[in-house]
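Tertiary structure, described
Okay, here's what each chain looks like letter by letter:
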Amino acid sequence: MLLHELLFENVTGNFEINSSIKESRKIILNVHCTQFKNTCPDCNVHSTRLHSYYVRRVKDLPILGYSIVLTLRVGKFYCKNSKCSRKVFSQRFPVHFPPYKRNTIRLDDKLLKIALLMGGNPGKKLCDTLNIETSSSSLIRMPSTKYILLSCSKTRKNYFLKR
Ligand SMILES: [Zn+2]
């Protein structure tokens, strides 16, 4: 119950943890959403007509040294609007699980801070210690609305430019 509250605090929609699997240094939590109110992202028309389900794997912050992977069962729905160009759309959870992202927002926030403070290779070493799966190039490519991180391979220094 505490884990559920920690994972889904401030998250819109109702999520349930169905099961969990512990691997060597990883915990996989199988999650599904019980919310069936969905609006098409193109036309904002509400739909409850289910097309199918698919599974999204989203990495979250580690707990007690274990990396956390959420497998989220996501519904696909038919758009009821005949004038809409989109026929099928997926459930969206923008507060916690942004579309097309493989990390939760809170994990990306931490990775961005690590990237800004340490840069690519040192940040990767810290992430390895914390059991956060990433690469140095992913850290350098972290999207930032405030800063651009430039790494100089010659001097091995990082520079932050304000946008
Ligand atoms: Zn639509």
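For the structure itself, consult the block above.
Reference entry: report on the structure contained in this document. (Residues numbered from 1 in each chain as written. Predicted model: local features only at pLDDT ≥ 70, side-chain atom pairs only at ≥ 80, totals over all residues.)

Right, let's get into the overall build of the chain. Of the regular secondary structure elements, the chain holds 4 helices and 9 strands. Start at the N end of the chain and walk to the C end: the helices and strands fall as α-β-β-β-β-β-β-β-α-α-α-β-β. Split into buried and exposed, the 163 residues of the chain put 21% on the buried side. A separation of at least 24 residues holds for 48% of the contacts in the chain among residues at least 6 apart in sequence. (Helix = DSSP H or I, 4+ residues; strand = E, 2+ residues; numbered from the N terminus. Buried ≥ 20, exposed ≤ 12 C-beta atoms within 10 Å, placed from the backbone. Contact = placed C-beta atoms within 7 Å.)

To continue, consider the environment of Arg-56. Within the secondary structure, Arg-56 sits in strand 5 (residues 50–63). On the neighbour-count criterion, Arg-56 (18 C-beta atoms within 10 Å) is partly exposed. Residues Arg-56 and Val-69 lie 13 residues apart in sequence; the distance between their C-alpha atoms is 9.9 Å. Contact partners of Arg-56, with chain neighbours within four places excluded, come to Leu-72 and Val-74.

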